[in-house]
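# Structural description and commentary
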Amino acid sequence: MSQISVLFVCLGNICRSPTAHGVFQCMVDTNGFDGSISVDSAGTGDWHIGRSPDQRTAAVAKTKGYDLSELRARLVTGDDFAQFDYVIAMDKANLSDLKAMCPDNYTGHLGLFLDFTEQQAQREVPDPYYGGDNGFELVFNLVEEASCGLLKHIQAEHSLKPTFQGRPESRSS
Ligand code: 4NP
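Residues numbered from 1 in each chain as written. Predicted model: local features only at pLDDT ≥ 70, side-chain atom pairs only at ≥ 80, totals over all residues. Heavy atoms only, no water.

### Regarding the nonpolar core
The biggest cluster of nonpolar side chains holds 38 residues, and the ones touching the most others in it are Val6, Phe8, Phe24, Ile37, Phe113, Leu150 and Ile154. For this core, the secondary structure elements donating two or more residues are β1 (4-10), α1 (16-30), β2 (37-43), α2 (55-63), β3 (86-89) and α5 (133-157). It is α5 that provides the largest number of residues to this core, a total of nine residues. Those residues in contact with Phe113 that lie beyond four places of it in its chain are Phe8, Ala20, Ile88, Ala89, Met90, Val125, Val143, Ala146, Ser147 and Leu150. (Core = buried A, V, L, I, M, F, W, Y, C linked by side-chain atoms within 4.5 Å. Buried < 20%, exposed > 50% of the residue type's maximum accessible area, 1.4 Å probe, protein only. Helix = DSSP H or I, 4+ residues; strand = E, 2+ residues; numbered from the N terminus. Contact = heavy atoms within 4.5 Å.)

### Points about the packing of aromatic side chains
Inspection of the entire model under this criterion finds five aromatic pairs. Among the aromatic side chains, those forming a connected cluster through ring pairs are Phe8, Phe24 and Phe113. Stacked on the ring of Tyr129, the Lys or Arg Arg56 has its end atom at 5.4 Å from the ring centre. (Phe/Tyr/Trp six-rings, centres within 6.5 Å; stacked < 30°, edge-to-face > 60°. Lys NZ or Arg CZ within 6 Å of the ring centre and 35° of its normal.)

### Some remarks on the sheet that holds β3
Pairing is parallel across the open sheet formed by four strands, whose spatial order is β2-β1-β3-β4. Two strands bound the open sheet, and with one partner strand each, they are β2 and β4 (109-112). Going from strand to strand, the sheet's axes swing by 20° on average, the running direction of each strand aside. Where β3 and β4 come together, four bridges link them in parallel fashion. Bridge pairing in β4 links Tyr86 to His109. Where helix α4 (residues 92-101) meets the sheet, its contacts fall on β1, β3 and β4, and the angle it forms with β4 comes to roughly 155°. (Pairing = 2+ DSSP bridges. Axes fitted to C-alpha atoms, helices over the stretch in contact; angles between N-to-C directions.)

Interpretation in functional terms is not warranted from these geometric data alone.
This is how it looks when you write it as C-alpha cells:
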C-alpha cells in the first residue's frame with residue numbers, strides 16, 4: 001500500500017505547523033503507523049525558509065516531551081497537492097491561500113485542522129507569533145487534540161489498525 005501523506009500548513013512554518021508536524025509524527029510512530037503515514041509541514045509565507053522552529057514553540061514542545069529541532073521551515077507550493085493526501089490548514093487565511101493554489105482536480109482533503117476536534121468553540125489554531133507565551137501553550141493543546149482526531153479519522157477512512165502502543169523509544173524491536 002502506498003503511504004498516506006499529511007501536510008500541515010501555517011503562515012511562517014515556525015510555530016503552529018511544526019508543532020503539528022512533531023506531535024502528529026509522534027502519534028503516528030507510537031501507534032506503529034510510521035510505515036503507512038508520512039508527515040510534513042510548510043508555510044504560505046517565505047520569511048523563515050530554512051529556519052528551525054521558533055524558540056518559544058520549541059520550548060513548549062520540549063516541556064511536553066517533543067523534540068522539534070530537526071524541522072526546518074519551507075514554503076508550500078502547488079506541487080504539494082500532487083504529493084499529499086491531506087493538506088491541513090491552521091487558520092482560515094492559510095486555507096484561503098491554499099485554495100487559491102489548489103488544482104481543480106485535487107482529490108485529497110483540504111481543510112481546517114480544528115475540524116478534527118470535538119470542541120466547537122474554536123475553529124482556528126490562532127497565530128501565536130506576536131502574542132504572549134500562553135499563546136504557544138494554547139497552540140500546543142489545540143494541536144494535540146486535533147492530532148488525535150485526525151489520526152482517528154485517517155485510521156477509520158483507511159482501515160488502519162494500530163500495531164504498537166507506547167513511546168517509540170521503548171520499542172523492543
Ligand atoms: P506560524 O506563526 O504561522 O504559526 O509559523 C508565524 C510565524 C512568523 C510570522 C507569522 C506567524 N511572521 O510574520 O514572521
